[in-house]
Amino acid sequence: MGFYETPEDKQIRASDSANPAPKLPVRLAAIVIFGGQDTALESLTITNPSVALDVANKIVYRRPGYGPSQVSIISGGGSGHEPSFGAFVGQGLLSAGVAGTIFASPSAEQVRKAIMSRVDTEKGVLVTVMNYTGDVLNFGMAVEKAKAAGLKVEMLVVGDDVGVGREKGGKVGRRGIAGTVLVHKISGALAARGAPLDQVYKVAKLTANNLVSIGASLDHVHVPGRAPLDPNAEGSLSADEVEVGMGIHNEAGSERAKVSLPELIKTMLTMLLDKNDKDRAFVNVNSNEVVLLVNNLGGVSVLELGGITTEVVKQLGGWGIRPVRILSGTYMTSLNGPGFSISLLNVVNTDIGGPSMIELLDDPSEATGWASPVSKNTWEAKNTNTREDDATSDQSVKPSGLKMDSAAFKEALTWGLEALVEVEPEITRFDTVVGDGDCGIGLKRGAEGLNAPIYRGRSPVLKHLKETQTTGDAVVDVANIVPVIENSMDGTSGALFAIFLNALVHSLRKLPAGEASSQLWSQALKDSCEALSKYTPARPGDRTIVDALYPFVDTLGQSGDIKEAARASMKAAEGTKGMPASLGRAVYVGGSGFESVPDPGAFGLASFFLGLSGLYKSF
Ligand SMILES: *[C@@H]1O[C@H](CO)[C@@H](O)[C@H](O)[C@H]1NC(C)=O
């Protein structure tokens, strides 16, 4: 662990001994409860049947028996960087990944076992590690042992991080961070294509040499088993600060800043790209082909990473860089680090007379950690087509041939809405007794959306009825009202009405052309009730709007008389008096008023039906 020890870590250790009994850190508790490293490694064999686990040596490796012999690619390092590296084991990527404990290199012996007895050595082995003292020493020692035993092995050390410049870095040199996974992918694909070790090593090295990365994080991560970080300790970041250049083991970066995301990204891109920065211009990113990798350090939400990626791509445009491939996701973490890194690969000619770096990046692979579903063809088609037509415009409703008297339809609907308006105070009163008082359930919300402005001529539906010519086609006329209702009602009742009315349009459309009799209407309404019942468990007896709906539809079907149907509906609505609520918000609100008043939604709908049938005035 010492190899990775930063000043902050030292401080934590110091405070560890000063406070011998820190409370169980949340993360440690999580690892105890959710499982530790061994079970995490084991999961890789569960999610990818082509990989196996040597638990004792923490080696994840490809099972033998897949295809012809190829150069094997091995990587590894401390745990806590998942999906690196175990989850990159699979066809077309790594042959084996060796894991240490959290943030600590595996031992030379673990690595030696991986090289000498867990992979195919016939065509040779490429070992790629990131530039950390512990990893370089342990992997290096194992490589030397394997070579001494007569195996063909090459070792590549990746240092893509530009977080610490030449001057400050001094002897420590550049560290390896997320860009390393691009080296793995490209060399893994080349090996899978059957290239010999010298070529695989050459291309891996070219990739590493043309790679720059920079990280930034809002905080240090807490390492399980260590004391939680004291937010007030010297060296810790304040709530509004970001550490630019932070490494993947909490290593300090080059600076701290209180900046917005665009400013932060501007700083980071300048560190990656500024050719005049003598301290940091490690790679001249001047290729026509640049690959961008935006990597989650583990604790950034997917939503945030999306925002970051868009900002990075926009600003790269200002540098004249339009990446030919963009990867955005979680490739190399620092446990749950609240940060991200940006890597740029300056694609160069591989000069091996074989596939290009981009082709190798595009090659399929079967490693669960590699997330890059977009194919070469899709990238290169540069398709910018869009769909701009608006399917909801009125013109899209095709006539059905189901005729109705549109003047009568308009009149009845107006009566219904007016009835609703008149009973609104009563609905409100009922709702205050049994509902939540904010009129959030049942028809009340709908009534409000439709009612008050009616008299002022601003009811959306009434306005629509006034302004729109009805066509006499039942489907078209009902369908044209649906969006008006959808746009003026919200909440649960709005959704229920919308579903019901859309289903009604659909049902009407299935009817044979001709005159729309009340029998046919009733049939369509029945179908709509059925459609509605798929989306809500409400049935008669539950003290909901459904109590008024079903009797109306049933009676209309039996008698063909809309007045009788409306009366049945109101009778049933009145009958909800005394029913306890079993659905809707009234359930949570509770209370005892339900004995004395009907369900406001059912009452409102029944009032609407009475209005519709012309009965309201006499009611
Ligand atoms: C790795 O770090 C060492 C110093 O520890 C440095 O000399 C070397 O150049 C670095 N290697 C890479 C590939 O960055």
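Counting starts from 1 at the beginning of each chain's written sequence and moves along it residue by residue. For a predicted model such as this one, the threshold for reporting local features is a pLDDT of at least 70, and the threshold for listing and counting side-chain atom pairs is 80 or more; totals across whole chains, interfaces and linings nevertheless cover every residue. The side-chain numbers reported here are obtained from all heavy atoms of the structure, hydrogens and water having been left aside.

As named in an unreviewed UniProt entry, the protein chain is Dihydroxyacetone kinase, taken from Xylaria bambusicola.

**Examining the site of the ligand**
Filter applied, for reference: Any residue with a heavy atom positioned within 4 Å of a molecule or strand is treated as near that molecule or strand. Polar contact is the term for a pair of N or O atoms within 3.5 Å; when the atoms are in protein, one must be able to donate a hydrogen and the other to accept it, and sequence-neighboring residues count only if both atoms are side-chain atoms. What sets the accessible areas is the Shrake-Rupley method with a 1.4 Å probe; for residues, cover comes only from the shown protein chains. Basically, the charged four are Asp, Glu, Lys and Arg, the nonpolar ten are Ala, Val, Leu, Ile, Met, Phe, Trp, Tyr, Cys and Pro, and anything else, Gly included, counts as polar.
In the vicinity of the ligand, the contacting residues are Asn131, Val157, Gly159, Lys171, Val172, Gly173 and Arg174. Asn131 is positioned such that a nitrogen or oxygen atom in its side chain is 2.3 Å from an oxygen atom of the ligand. Starting from 360 Å² of accessible surface for the ligand in isolation, the protein chains cover 50%. For the shell around the ligand, the residue count by class is two nonpolar, three polar and two charged.

**Thoughts on the pattern of salt bridges**
Where we set the bar: Any Lys or Arg side-chain nitrogen found within 4 Å of a carboxyl oxygen on Asp or Glu counts as a salt bridge. Per the convention used, a helix needs a DSSP run of H or I reaching at least four residues, while a strand needs a run of E reaching at least two, with both numbered from the N terminus. Here the term buried applies to any residue with accessible area under 20% of the maximum for its type, exposed to any over 50%, and partly exposed to those in between, with areas from a 1.4 Å probe on protein chains only.
For the structure shown, the criterion picks out 13 salt bridges. In this structure, the salt-bridge partner of Arg193 is Asp363, at a minimum N-O distance of 2.7 Å. Taken as a pair, Arg193 in the loop between helix H7 (180-192) and helix H8 (197-209) and Asp363 in the loop between helix H11 (357-362) and helix H12 (376-381) lie far apart in primary sequence, 170 residues in all. Since its relative accessible area comes to 45%, Arg193 is described here as partly exposed. Among the ionic contacts, a cluster of salt bridges with common partners joins Arg325, Asp362, Lys376 and Glu380.

**Examining the sheet that holds strand E1 (residues 51-54)**
Put simply, the rule reads: Should DSSP find at least two bridges between two strands, the strands are regarded as paired. Interaxial angles span 0 to 180 degrees and are taken between N-to-C directions of axes, which are lines fitted to C-alpha atoms, for helices over the stretch in contact. Here a residue-residue contact requires only that any non-hydrogen atoms of the pair lie within 4.5 Å.
Taken in spatial order, the six strands make up an open sheet running E1-E2-E4-E3-E5-E6, and their pairing is mixed. Strand pairing shows two members of the sheet lacking a second neighbour, E1 and strand E6 (153-158), which therefore form its edges. Averaged over all pairs of adjacent strands, the angle between their axes in this sheet comes to 20°, without regard to strand direction. Of the strand pairs in this sheet, strand E2 (residues 59-62) and strand E4 (residues 96-102) are connected by three bridges, and their pairing is antiparallel. Across the sheet, the residue bridging to Tyr61 is Ala96, located in E4. Along the sheet, helix H3 (residues 37-47) makes contact with E1, E2, strand E3 (72-79) and E4, crossing E1 at roughly 155°. Its contacts with the sheet place helix H5 (residues 133-148) against E3, E4, strand E5 (125-130) and E6, and it is angled at close to 170° to E6.

**Some remarks on helix H23 (residues 600-612)**
For the record, the criterion: What a helix is expected to span follows from its residue count: subtract one and scale by 1.5 Å.
Compared with an ideal rise of 1.5 Å per residue, which puts 13 residues at 18 Å, H23 spans 18 Å between its outermost C-alpha atoms and is within 8% of the ideal. Counting buried residues in H23 gives 13 out of 13 residues, a clear majority hidden from the surface. A positive backbone phi angle near 85° is found at Gly614, which sits one or two residues after H23.

**Brief notes about empty space enclosed by the protein**
Threshold: Each cavity reported here is a set of points on a 1 Å grid over the protein atoms alone in which a 1.4 Å probe fits but cannot get out, each pocket an open set with protein on both sides within 12 Å along at least five of seven lines, and each lining residue one with an atom within 4 Å of a point. Grid points are joined across faces, edges and corners, and a volume is the space filled by probe spheres set on the points.
The tally for this structure, following the rule as stated, stands at three cavities of 30 Å³ or more. Surrounding the largest cavity, Phe409, His464, Leu465, Thr468, Gln469, Thr470, Asp477, Asn480 and Ile481 form its lining. Counting only elements with at least two residues in the lining of the largest cavity, the list comes to helix H16 (460-467) and helix H17 (474-488). Ranked by the residues each element gives to the lining of the largest cavity, the list is headed by H17, at three residues. When grouped by side-chain class, the residues that make up the lining of the largest cavity number three nonpolar, five polar and one charged.

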